[in-house]
Amino acid sequence: MPQDSSHPTGPAQPTRPHRVVVIVDENSNPFELGCATEVFGLRRPELGRQLYDFALCSPEPRTLMRDGFFTLTGVAGLEAADSADTLIVPNRPDTDVPRRPAVLEAVRRAHARGTRLVGFCSGAFTIAEAGLLDGRRAACHWMWAESFRARFPRVGLEPDVLFVDDGDILTASGSASALDLGLYIVRRDHGAEIANAVSRRLVFAAHRDGGQRQFVERPVPDVPDESLAPLLAWAQERLGEPLTVADLAARAAVSPATLHRRFRAQLGTTPLAWLSGERVALACRLIERGEVRLDVVAQRSGLGTAANLRARLRRETGLSPSAYRRRFGPAAGEPLSA
């Protein structure tokens, strides 16, 4: 699965809202700033609690945004970055222009005290320029991949993914994938149920299969395939049933080979991988809602057996069902059992 999720850990039951701070610098991209605000900055009374404490900061009182579209004023100074639990670094289209030393130093200080760093799109350049990505993995927009490799040869750039989670440093490949990474962070911090609620508010998929390769090689197909959306909605309502790829192909009135091609073209994955991922996501939601019987979770999610549920959940999240429930499930209740 192109989205990397090898480090699902996050703070459990924080005593105060996790503080997310965004550094905005000259010529920063407004879109990624908007993505961060939408995911981390909005109040969500429908959830009954505050997920994050959110703030913007800048090294100057007035910050001219990308191409001079507008000027940002009235935000905190760069010292606000020193109180961040998660720091989102600046990104901008002029990747060859060095970042301000004060910004790079703020990023280094944050990393040294254990703050989680996030870079959207060209934000990986900022973190790499601060010297924090050597020997580590990262993602950036495919358009700047060669430039990034030339400047930072010691960084393990992964050009075909939407984002990379390398523990305390997370990077997204492009503008829209800022939403993918943002929702992934919400899921990592608060679980699938909360992430799905936030994604519904955004009207954006909580988990988008595929990597940026699908956008590089075929941005606009010559003859667009018929949308898979009706088929996906139909299948999501029947995950507990013994659905197979043949069943999906029959529903779509195409051959399995044609269905496979459409899934690859539109989602960047296979029908079987998509179906498995949806079943694991449903199992996570059932655990978060308080279902303690592993066999019931396995049956209702279509994973079949408790043993298969354990294996799939650990592979997708890095956690056992019991550990997942301790982190994201109800605070009280009986332990999970088969």
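All values derive from a computational prediction rather than experimental measurement.

**Here we look at the sheet that holds strand 11 (residues 169–172)**
Spatially, the seven strands line up as an open sheet ordered 5-2-1-6-7-11-10, and their pairing is mixed. Unpaired on one side and paired on the other, strand 5 (76–77) and strand 10 (163–165) mark the two borders of the sheet. Pairing geometry for strand 10 and strand 11, over three bridges, is antiparallel. Looking at strand 11, one finds that Asp165 is bridged to Leu170.

**Focus: the pattern of salt bridges**
When their charged atoms lie close together, side chains carrying opposite charge are able to pair. What the rule picks out here adds up to 21 salt bridges. In this structure, Arg100 and Asp25 form a salt bridge, with 2.6 Å as the shortest nitrogen-oxygen distance. Residue Arg100 is found in the loop between strand 6 (86–88) and helix 2 (101–112), and its partner Asp25 is found in the loop between strand 1 (18–23) and helix 1 (30–41); the two are separated by 75 residues along the sequence. Residue classification places Arg100 among the partly exposed positions, given a relative accessible area of 27%. Between Arg151 and Glu129 there is a salt bridge, with the nearest N and O atoms lying 3.8 Å from each other. Taken together, the positions of Arg151 in helix 4 (residues 145–151) and Glu129 in helix 3 (residues 123–129) put the pair 22 residues apart, joining distant regions of the chain. Linked by salt bridges that have partners in common, Asp25, Glu26, Glu60, Arg92, Asp94 and Arg100 make up one network.

How each quantity is defined
Residues numbered from 1 in each chain as written. Predicted model: local features only at pLDDT ≥ 70, side-chain atom pairs only at ≥ 80, totals over all residues. Heavy atoms only, no water. Pairing = 2+ DSSP bridges. Helix = DSSP H or I, 4+ residues; strand = E, 2+ residues; numbered from the N terminus. Salt bridge = Lys/Arg side-chain N within 4 Å of Asp/Glu carboxyl O. Buried < 20%, exposed > 50% of the residue type's maximum accessible area, 1.4 Å probe, protein only.

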